[in-house]
Amino acid sequence: MNVGPNSELDDTLIFLVGFMGAGKTTVGRALARHLRYAFFDLDELISARAGKSVQEIFADFGEAEFRSLESAAIDSCRHMVRSVVALGGGAYVSEENRVSLRAIGKTIWLDCPIEICLKRISGDKSRPLLRDDDNMRALFVRRRAAYAEADYAVQAGELSPEELAIEITTILNS
Ligand code: S3P
């Protein structure tokens with residue numbers, strides 16, 4: 001595989017997977033800048049398509065409807081090229097989504113320690129699934145096996161977004 005600004009006929013699509021607060025959006029933007037790719041945030045695509053924020057979708061229609069909009073948004077990514085997409089924290093938990101994502105791109109798990117995620121997300125009103133720390137730790141534990149099915153994993157707790165962008169590029173090109 002050859003990703004980056006100098007690669008030829010490159011239709012690579014890269015998806016960042018991981019828990020809330022793992023840095024998917026921040027690292028995704030840095031990676032896209034580094035590769036000179038487009039960047040998309042799946043939650044923003046879902047909101048734009050629904051004409052409502054993620055919070056409003058959860059409040060008005062419930063989580064099940066959000067998950068079905070999320071799967072449809074993943075499906076719509078199949079036409080993208082040279083793009084980095086930050087997925088929402090629950091998107092890779094669904095087997096159906098994992099199958100779709102495997103068919104259209106490469107997935108990278110930002111494996112970030114839960115205590116760092118908790119520091120970043122605590123008190124954030126825009127995350128409808130946010131509960132107390134113990135609930136978040138339990139959710140994290142339940143989801144790890146799904147995240148571990150990503151094509152590649154990087155340790156995301158210590159490095160800067162730019163350092164992670166370089167590491168991910170190296171992994172994809174190795
Ligand atoms: C969710 C994570 C959120 C968003 C929605 C559900 C989850 O995205 O998709 O609130 O199930 O973990 P972030 O991971 O960007 O916070």
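Now for a look at the structure at hand. Note that the coordinates shown come from a computational prediction; the quantities given were computed from them, not determined experimentally. (Residues numbered from 1 in each chain as written. Predicted model: local features only at pLDDT ≥ 70, side-chain atom pairs only at ≥ 80, totals over all residues. Heavy atoms only, no water.)

**Examining the sheet that holds strand β2 (residues 38–41)**
Adjacent strands of a sheet pair through backbone hydrogen bonds, lying either parallel or antiparallel. If you trace the 5 strands from one edge of the open sheet to the other, you get β2-β3-β1-β4-β5, paired in parallel fashion. A single partner strand is all that each edge strand has here, and the edge strands are β2 and β5 (152–155). For this sheet, the mean inter-axis angle between neighbouring strands, taken without regard to orientation, is 25°. Taken together, the 4 bridges between strand β1 (residues 13–17) and strand β3 (residues 83–86) define a ladder with parallel strand orientation. If you follow I14 over to β3, its bridge partner there is V84. Relative to the sheet, helix α2 (residues 42–50) contacts β2 and β3, its axis offset from that of β2 by approximately 70°. (Pairing = 2+ DSSP bridges. Helix = DSSP H or I, 4+ residues; strand = E, 2+ residues; numbered from the N terminus. Axes fitted to C-alpha atoms, helices over the stretch in contact; angles between N-to-C directions. Contact = heavy atoms within 4.5 Å.)

**Quick notes on the pairing of β1**
Two faces make up the sheet, and in a regular strand the side chains alternate between them. Here β1 lies mainly inside the structure; 5 of its 5 residues are buried. The two faces of β1 match: L13, F15 and V17 on one face and I14 and L16 on the other face are all buried. Examined bridge by bridge, β1 and strand β4 (residues 106–111) share 4 bridges and lie parallel to one another. Bridge pairing links I14 to K106 in β4. (Buried < 20%, exposed > 50% of the residue type's maximum accessible area, 1.4 Å probe, protein only.)

**Considering the packing of helix α4 (residues 63–76) against helix α5 (residues 95–104)**
Orientation of α4 relative to α5, taken along the N-to-C sense of each, is 10°, at an axis distance of 10 Å. Relative to α5, the element α4 lies roughly parallel. Residue-level inspection shows E70, S71 and I74 of α4 in contact with α5, the latter providing E96, N97, S100, L101 and I104. Counted by class, the contact of α4 with α5 contains 3 nonpolar, 3 polar and 2 charged residues. (Parallel < 35°, antiparallel > 145°, perpendicular 65-115°, else oblique. Nonpolar A, V, L, I, M, F, W, Y, C, P; charged D, E, K, R; others polar.)

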